[in-house]
Amino acid sequence: MSELTLLHKLARSLMTGQLRAAADPHRPHWHLAPPVGLLNDPVGFVEADDGYHLFYQWNPLACAHGAKFWGHWSSTDLVHWQHEPVALLPSEAYERNGCYSGSAVLHQGRVHLIYTGNVKYDDGSRTAYQCLARQIDDGTFEKLGPVIDLPDGYTGHVRDPKVWRQGDHWYLVLGAQDAQLKGQVLCYRGDDLQHWQLLGELTGSGHNGLGEFGYMWECPDLFELDGSDVLICCPQGLSPQGDRYQNLFQSGYFVGQMDYASGRLTHGEFTELDLGFEFYAPQTTLTRDGRRLIVGWMGLPDDNEASQPTRDYGWQHQMTCPRELRLVAGRLYQQPARELTALRGPGTRWQGPAEAAPLLDGRSAELFLQPQGHWQLTLGESAWLAYVNHTLTLCRRNWRTGEWESRHWHGELMDLRLLLDASSIELFINGGEVVMSSRYFPGEAVPLGWTGSAELRLEYWPLSPCMLEWATPMS
Ligand code: FRU
């Protein structure tokens with residue numbers, strides 16, 4: 001479809017849908033969500049001369065996956081965001097079924113996007129091109145076309161390029177499925193952003209002692225952190241093992257050492273990034289002050305998507321908050337980006353037995369808890385949290401079946417940070433050693449109700465909206 005036709009459809013979709021989407025009581029106050037339509041992966045996350053840019057996989061035409069666009073937000077403080085012109089529309093033959101996920105780098109003073117052109121054929125087969133685009137003076141993006149074709153020995157599932165600079169070269173990792181239907185990560189090296197040489201498989205099923213490890217790995221991201229190399233990736237096809245791999249698809253990491261000459265990563269075991277219900281396809285970036293930030297999609301491509309209540313309002317899914325990463329004793333810790341404290345309203349401090357805790361409003365808030373003993377916290381009627389017998393349980397009502405379902409973490413709880421928004425919960429356990437992210441769909445009021453014998457030390461802040469154009473005070 002031509003770019004002009006796609007723009008006409010996009011404009012109509014926004015004109016007819018934006019007010020309805022904004023009226024949804026489940027619409028986030030301070031998380032990023034699409035104005036209309038369906039959002040999935042965060043892409044092209046980068047800090048440029050004029051501030052942060054975060055792009056997103058976006059189907060503005062329907063609450064369904066399909067031919068994705070790249071939506072675009074910018075921010076000077078990582079907290080307050082504004083809409084930018086849509087960056088990529090799937091108008092060319094080499095991307096006709098979607099401008100799929102990818103990354104952004106700064107080159108010659110301009111933001112460059114490297115993304116996957118997704119092409120599906122009538123017989124059900126598909127191919128993929130890795131494509132380049134560069135920002136021009138008016139802020140829009142000029143497409144430079146495919147720079148990597150489908151490599152031999154892989155199916156059409158080769159996508160999600162993440163590019164970085166190391167020494168005198170560019171490097172790129174790609175999610176891939178090999179001809180034996182095993183998930184892999186490919187590594188390329190380039191002298192410039194247009195010419196790439198395939199070095200080989202960075203890691204994947206059958207490498208580093210992994211054996212069978214899924215039929216496809218999506219959204220790889222490789223970076224150096226605190227003296228090690230970390231690979232984040234999303235393997236599809238792992239079976240649940242006890243409390244591990246509870247969600248349909250996984251998002252996790254390996255810690256190891258990269259050999260840049262061969263393009264191979266030697267690494268240890270796979271650890272999930274998040275133990276909640278919804279976290280997928282995250283992307284990191286390095287800030288100018290040297291921090292590694294991560295943002296994830298607070299969603300999962302699975303059958304529950306089709307019954308999410310926000311679809312009645314014509315929009316679907318949101319991002320997680322931006323988080324800072326650290327590597328401590330081989331484990332990734334995640335903490336809300338320090339800038340987020342700018343969203344806090346006047347705070348409340350309280351200490352005493354859990355059952356006497358004050359009634360607080362959980363619609364858009366941050367809580368920091370240092371509890372001793374057993375406690376339970378209800379978040380309206382649709383979710384609760386409890387810490388009993390060294391187990392933290394996050395329980396929510398499944399919006400498709402109406403049944404309660406839970407996720408667990410076992411360990412000694414020292415502190416807990418809760419970030420609450422209209423339809424999401426992010427839990428940071430023990431300084432970010434473990435994180436749980438989940439959507440939930442409460443009624444309009446979310447009273448926080450405490451029970452239990454624990455002695456609580458609690459801090460609470462209401463949080464203000466994050467979209468510059470839509471900033472309206474909460475009633
Ligand atoms: C991950 C993913 C990517 C793909 C994109 C399409 O959620 O499937 O692999 O590029 O979404 O929107």
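For the structure given in this document, a descriptive report is provided here. Sequence order as written defines the numbering, with residues in each chain counted from 1. Residue-level local features of this predicted model are given only where pLDDT is at least 70; pairs of side-chain atoms are given and counted only at 80 or more, and the full residue set underlies all totals for whole chains, interfaces and linings. Based on all heavy atoms of the structure, the side-chain values leave hydrogens and waters out of the count.

**Focus: the overall build of the chain**
Labels follow the DSSP assignment, with helices taken as runs of H or I lasting at least four residues and strands as runs of E lasting at least two, numbered in each case from the N terminus. The number of helices and strands found in the chain is one helix and 34 strands. At 22 Å, the chain has a C-alpha radius of gyration in line with the 23 Å of a compact globule built from 475 residues. Dimensions of the chain, computed from the C-alpha atoms along their principal axes, are close to 65 × 50 × 45 Å. In the chain, buried positions account for 60% of the 475 residues. Note on definitions: a residue-residue contact is assigned when non-hydrogen atoms from the two residues lie within 4.5 Å. For the chain, the share of sequence-separated contacts (at least 6 apart) that also reach a separation of at least 24 residues comes to 57%. Summed over its atoms, the accessible surface of the chain is roughly 18,400 Å², and 49% of this surface lies on carbon and sulfur atoms. C-alpha atoms define the radius of gyration in this analysis, and the globule rule sets the expected value at 2.2 Å times the number of residues to the power 0.38. Exposure classes here rest on a 1.4 Å probe applied to the protein chains alone. A residue is buried below 20% of its type maximum, exposed above 50%, and partly exposed in between. Exposure was quantified through the Shrake-Rupley algorithm and a 1.4 Å probe, taking into account, for residues, occlusion by the shown protein chains and nothing else.

**Some points on the nonpolar core**
Side chains of nonpolar character tend, in soluble globular proteins, to be buried together. Nonpolar cores were defined as sets of buried Ala, Val, Leu, Ile, Met, Phe, Trp, Tyr and Cys residues, with membership established by side-chain atoms within 4.5 Å. Judged by nonpolar contacts, the single largest core of 38 residues is most densely connected at W30, L32, W73 and W81. Looking at this core, the elements with two or more residues in it are helix 1 (3-22), strand 1 (37-48), strand 2 (51-59), strand 3 (69-75), strand 18 (280-286) and strand 19 (292-297). No other element matches the four residues that strand 2 contributes to this core. Beyond its immediate stretch of four places on either side in the chain, W81 contacts L32, Y52, L54, W73, S74, S75, C466, M467, L468 and E469. Membership of the second largest hydrophobic core comes to 33 residues, among which are L360, W409, I429 and L448.

**Focus: the sheet that holds strand 27 (residues 383-388)**
Strand pairing in a sheet relies on backbone hydrogen bonds. The paired strands run either parallel or antiparallel. Note on pairing: DSSP must find at least two bridges between two strands before they are called paired. Spatial ordering of the open sheet is given by 24-33-26-27-28-29, a layout of six strands whose pairing is antiparallel. For this open sheet the edge positions go to strand 24 (360-361) and strand 29 (404-410), each flanked by a neighbour on one side alone. Summarising the sheet, strand 28 (residues 391-397) and strand 29 pair through seven bridges and their orientation is antiparallel. Considered in strand 29, the bridge of C395 is made with S406.

**Thoughts on the pattern of salt bridges**
One speaks of a salt bridge when a side-chain nitrogen belonging to Lys or Arg is within 4 Å of a carboxyl oxygen belonging to Asp or Glu. Under the criterion given, the structure shown has 19 salt bridges. Linking E142 and R134 is a salt bridge whose minimum nitrogen-to-oxygen distance equals 3.1 Å. Assessed through its relative accessible area of 31%, E142 is described here as partly exposed. You can call R134 partly exposed: its relative accessible area is 30%. Two residues, E218 and R159, come together in a salt bridge whose shortest N-O distance is 2.7 Å. Residue E218 is located in strand 13 (residues 216-225), and its partner R159 is located in strand 9 (residues 154-166); the two are separated by 59 residues in the primary sequence. The buried category is assigned to E218, whose relative accessible area is 12%. Linked by salt bridges that have partners in common, D289, R291, E324, R338 and E339 make up one network.

**Overview of the site of the ligand**
Residue proximity to a molecule or strand is established when one non-hydrogen atom of the residue lies within 4 Å of it. In the vicinity of the ligand, the contacting residues are N40, D41, Q57, K68, Y100, S101, R159, D160, E218, C219, Y280 and W297. The term polar contact refers here to a pair of N or O atoms within 3.5 Å; inside protein, the definition further demands a hydrogen-donor-capable atom paired with an acceptor-capable atom, and it admits residues adjacent in sequence only when both atoms are side-chain atoms. Interatomic distance of 2.8 Å between a side-chain N/O atom of R159 and an oxygen atom of the ligand. Protein contacts shield 92% of the accessible area of the ligand, which totals 320 Å² for the unbound molecule. Elements with a contribution of two residues or more to the shell around the ligand: strand 1, strand 5 (99-107), strand 9 and strand 13. Amino acid classes used here: Ala, Val, Leu, Ile, Met, Phe, Trp, Tyr, Cys and Pro are nonpolar; Asp, Glu, Lys and Arg are charged; the rest, including Gly, are polar. Residue classes in the shell around the ligand are distributed as four nonpolar, three polar and five charged.

**Some thoughts on the pairing of strand 26 (residues 375-379)**
Burial along strand 26 is one-sided: the residues W375, L377 and L379 are buried and none of Q376 and T378 is. Counted between consecutive antiparallel strands, the loop separating strand 26 from strand 27 contains three residues, among which G380 sits at a positive phi close to 60 degrees. Both strand 26 and strand 33 (residues 447-451) contribute to a ladder of four bridges, which runs antiparallel. Paired with L379 across the bridge in strand 33 is L448.

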